[in-house]
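Architecture and fold: a report
Now for the letters of each chain:
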Amino acid sequence: MFEHKKIRSVFIDEAMERILEIEKGLLQLEQYPDDEELINTIFRAAHTIKGSSASIGLNELSGFTHGIEEILDLVRLRKLIPGKELISQLLESSDLLKEMVTSLASDMPFDFTKCENSIIRMGDLKNKILLKQFKIIFIPDHHLFRKGLDPADIIAGLRDIGEVTNIKAFTDEVPALSEISPDELYLRWDISIRTDRDLTDIRKVFEFVEEGSDIKIFPVIAPDQGMPLLGQMLVEEGTVKAEDIAEALKVQKRLGEILVEHDKVAETDIKRMVDKQSLKKIELFKNSVSSTIRVDLKKLDHLINIVGEMVIIHSMFQQIIHGNGNLKETPENLDALFSQLQRIGKDIQESAMSLRMLPVGEVFQRFSRLVRELSGNKDKRVELVMAGEETELDKGVLEKITDPLVHLIRNAIDHGMETSGERTAIGKPPYGKIHLIAYQMGDSVYIEIEDDGKGLDREKIIEKAIAKGVIKDSSGLSDDQIYNLIFLPGFSTADEVSDVSGRGVGMDVVRKNIESLNGKVNMHTKPGIGTTISIKLPLTLAIIDGLTVLLGNDAFVIPITSVIESLRPRREDVKTLNEKCEVINVRGEFIPLIRLYEQLDITPLKKDPSEAIVVLVSHENKKRCLLVDDLVGQQQVVIKKLGTAMPKVFDVAGGTILGNGRIALVLDVPGIIENVTLSV
Amino acid sequence: MPNILVVEDSPTMRQLISFAMKRIPNSHVIEATDGVDALKKMSSEKVDLILADINMPVMDGLKLVSLVRGNPTYKEIPIIIITTEGAEEDRKRALSIGANSYLPKPIQTQELIRLVNSYLTKQ
């Protein structure tokens, strides 16, 4: 029973990963339909899922995957061309597959009747697509009849090997009735045929008439051969010009618009449904996040390696303590051992942390799907370009950053991008581009979302900010400061709620989410050229560099990212404004003083700033001086949560254990700065 | 103590086979994810029997069979190929280039144990 469960959980992990591979591959295949290696990878992923699921008795899942595999096999053998219809169908099937595996993971039964439609459509795809289309131009020998041959036999021969979809006889060479010779052939034909045979088989039909005739056979490659598009057929036949089709397609309306026009449904209902539809897409997208973690074997091996070294150190210490080896208890020996221990400790810490690190690509690759579906809803064509997918981020951070990224990307498509028509009109390429870039710099990871849309409207923001009472006027604000106003609560420039974004969840939520990860978000925009949103995130949440300070009998840790400097002010630099607000003059800049002991309700050893220490901290350009008794030093600390038994504790981000074994609280600097209202 | 080298790119299949092999007394399973990995493992550990999948990335099972058979040190090691149901072509090719036997997917545990046992006792 245990074995069964274990194998099943391995399968779930594997299948999920493979499904993502299939999904990513399919999306790439749309752009590079000829990439053999890509097709092989997707095929192999489906093949593996099929094989392993069958071996552990998941017959329905295996059977369904077999259907997907068959189509991929045909693509691999070049019998199918991966057009939009085919890729959409396969994406839908891989979604179902994902649902099956998800319900397997949560031990819920899966309703396989859900797959029926998909199975039927995949079957259709397979049957139709096996057929290839050929166009034949047949200009027969004028003397064909004299040879005892009949072109009608040729046509009949073609009908034997496939479906003749179009025959057009050209009569332009037929002379006047008086000049007609009954044994001369004046006609020529254009024939289209759909067949599963090869070109050589078709040529064989013409074997006897080849001499003296002009026969041209060429394969017609349509995006989806199964269903030739009406427009294409008309153009092929020469009935309609390609430009006219393009013109007609432009005025073609969406289902929703038609229904509204015929008064079958209110426009608001359509909007609401489209809204619901995209919500559903996003919901589906979110559900695909797994709670297990896959670790690169190299990382694990490295960790085990270091632990091995640790064991050696342990036995060396044992020798020294028990005096039963060559190692004697000399200061040099102890010193050497101690420094080795220190190195190994640091190694283990780094190595253990790296186990939690995942490449951002795991989240990124799902965005291409999102962009494809969201931009399909509107008259916008958007291409997502990703870079730096290999950049690693803590799994916890990665999971929490997914939602804000979804929101930002949605925003970029909805508010940032112009429609293709608008773009063409202003000389931009009809395809909009969103760049999603990740890179590491120092202890931070940066994720940038850059679009080439219309940029933010500076005047509109100012107008809105004044209307909402966020600012009084725009004087003295830099452009960047104005653009970043949109991150303030209750700020939304979209006048109407739209189907993709602007559902009342504003940019302030995005900012809050990112800041809860100790991250920062910034926005730059150039009107008409585009907008870049840059998110800065710490590599990990669990370990921070902290400045340990003393206050009363307790030690506290201030995250070093918030600290600018620490100093002991001179007595004359401590001032009181309006007899209320205390400030410290730091080289000419007056910075408000927060007496931490009042805030934390502690009896301090020193109350006079000129005898104690002030730590200058900042958060979002707001600077404050925190009054503490003394400094201990800077060290890395592991933040632990306070636990659920505690009510919400203000001003404290968590707890940690110091080098001396004592517990210290980690201060929440942004919280303190927000909570202490200054009575100026 | 027979060492059984399982060459499979699917972790599920590796796990499944490893569990099955536990029922063969004293046997020890060495896992490899593809042909290249298998050859690497073989150079550092003695292998008594190879169970290999055909369709794998980097180096597939057929290539592995021909390389193992072409190497004087390894050429006597029995190889059982795991094939997809109905893949007659692959099966024939594997046998023709020197695989000893084959096992179709989905794997039947009893059949797998019987087959492996029969080759281990032959040695």
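Residues numbered from 1 in each chain as written. Chains lettered and ligands numbered in written order. Predicted model: local features only at pLDDT ≥ 70, side-chain atom pairs only at ≥ 80, totals over all residues. Heavy atoms only, no water.

Of the residues lining the interface, 17 residues belong to chain A; the matching set on chain B comes to 17 residues. Buried area between chain A and chain B, both sides added, is near 1500 Å², and the carbon and sulfur share of it is 62%. Linking chain A to chain B there are one salt bridge. Close ionic contact of Asp9(B) with Arg18(A) constitutes a salt bridge, the shortest N to O distance being 3.8 Å. (Contact = heavy atoms within 4.5 Å. Buried area = accessible area lost by both parts, 1.4 Å probe. Salt bridge = Lys/Arg side-chain N within 4 Å of Asp/Glu carboxyl O.)

Another aspect to go through is the sheet that holds strand E15 (residues 574–577) of chain A. Residue and element names in this part refer to chain A. Across the sheet, which stays open at both edges, the six strands sit in the order E14-E18-E19-E17-E16-E15 with mixed pairing between neighbours. Strands at the two margins of the open sheet, each flanked by one partner only, are strand E14 (563–567) and E15. Pairs of neighbouring strands in the sheet enclose a mean axial angle of 35°, with direction left out of account. With four bridges joining them, E15 and strand E16 (residues 581–586) adopt antiparallel strand pairing. Each residue of the ladder has a partner; that of Leu-577, found in E16, is Cys-581. (Pairing = 2+ DSSP bridges. Helix = DSSP H or I, 4+ residues; strand = E, 2+ residues; numbered from the N terminus. Axes fitted to C-alpha atoms, helices over the stretch in contact; angles between N-to-C directions.)

Of note, the bond from Lys105(B) into Pro106(B) is cis; its omega dihedral lies within 30 degrees of zero at -5°. By secondary structure assignment, the location of Pro106(B) is in the loop between strand E5 (101–104) and helix H5 (109–122). With phi around 65°, Asp107(A) is a residue other than glycine that occupies positive phi space. Inspection of the secondary structure assignment puts Asp107(A) in the loop between helix H4 (84–105) and helix H5 (116–129). Positive phi outside glycine occurs at Asn26(B), with the angle close to 65°. Following the sequence through the fold, Asn26(B) ends up in the loop between helix H1 (11–21) and strand E2 (28–32).

Glancing now at the sheet that holds strand E4 (residues 79–83) of chain B. Residue and element names in this part refer to chain B. The parallel open sheet is built from five strands, whose spatial order is E2-E1-E3-E4-E5. Every other strand in the sheet has two partners, leaving E2 and E5 as the edge strands with one partner each. For this sheet, the mean angle separating the axes of adjacent strands, direction not counted, is 20°. In the sheet, strand E1 (residues 3–7) pairs with E2 via five bridges, with the strands oriented parallel. When the sheet's bridge partners are listed, Asn-3 is paired in E2 with His-28.

With that out of the way, let us pick up the environment of Ala105(A). All names here are of chain A. Looking at where Ala-105 falls in the secondary structure, it is placed in helix H4. Assessed through its relative accessible area of 49%, Ala-105 is described here as partly exposed. C-alpha separation for the pair Ala-105 and Ser-9, spaced 96 residues apart in sequence, amounts to 7.4 Å. (Buried < 20%, exposed > 50% of the residue type's maximum accessible area, 1.4 Å probe, protein only.)

It is worth spelling out the confidence of the model for chain B at this point. Averaged over all residues, the pLDDT of chain B equals 86, while 98% of them reach at least 70. Predicted as a complex, the structure gets a pTM of 0.42 and an ipTM equal to 0.73. (pLDDT = per-residue confidence, 0-100.)

To continue, consider a nonpolar patch on the surface. Where nonpolar side chains cluster on the molecular surface, the patch consists of Ile293(A), Val295(A), Leu297(A), Leu300(A) and Ile304(A) and spans about 420 Å² of accessible area. With respect to the helices and strands, Ile304(A) occurs in helix H12 (residues 297–322). (Patch = residues over 30% accessible without salt bridge, like charges linked within 9 Å, V, L, I, M, F, W, Y side chains within 5 Å. Areas by Shrake-Rupley, 256 points an atom, 1.4 Å probe, with all protein chains shown as cover.)

In this section: helix H15 (residues 395–416) of chain A. The end-to-end C-alpha distance of H15(A) is 29 Å, a good match for the 32 Å that 22 residues give at a rise of 1.5 Å each. The sharpest bend along H15(A) comes to roughly 35°, located at Thr402(A), with the proline Pro404(A) sitting one to four residues further on. (Expected span 1.5 Å × (residues − 1). Bend = angle between axes of the 7 residues up to and from the residue.)

Our focus in this paragraph is the environment of Thr83(B). Residue and element names in this part refer to chain B. If you trace the backbone, Thr-83 turns up in strand E4. Classification of Thr-83 by relative accessible area gives buried; the value is 1%. When the C-alpha atoms of Thr-83 and Pro-104 are compared, they prove to be 4.9 Å apart, with 21 residues separating the residues in sequence.

Residue and element names in this part refer to chain A. Applying the stated criterion across every chain yields a total of five aromatic pairs over all chains. Ring centres of Phe-138 and Trp-189 lie 6.0 Å apart, and the angle between their planes is 20°; this geometry places the pair in the stacked category. Here Phe-138 is found in strand E1 (residues 132–139), whereas its partner Trp-189 is found in strand E3 (residues 188–195), with 51 residues between them in sequence. Just as Phe-138 is buried, Trp-189 falls in that class too. With a centroid separation of 6.3 Å and 50° between ring planes, the pair formed by Phe-364 and Phe-367 is classed as tilted. Of the two residues, Phe-364 and Phe-367 are both situated in helix H14 (residues 361–376); the distance of three residues between them amounts to about one turn of the helix. The burial state of Phe-364 is the same as that of Phe-367; both residues are buried. One residue, Arg-188, lies across the ring of Phe-170, its end atom 4.3 Å from the ring centre. (Phe/Tyr/Trp six-rings, centres within 6.5 Å; stacked < 30°, edge-to-face > 60°. Lys NZ or Arg CZ within 6 Å of the ring centre and 35° of its normal.)

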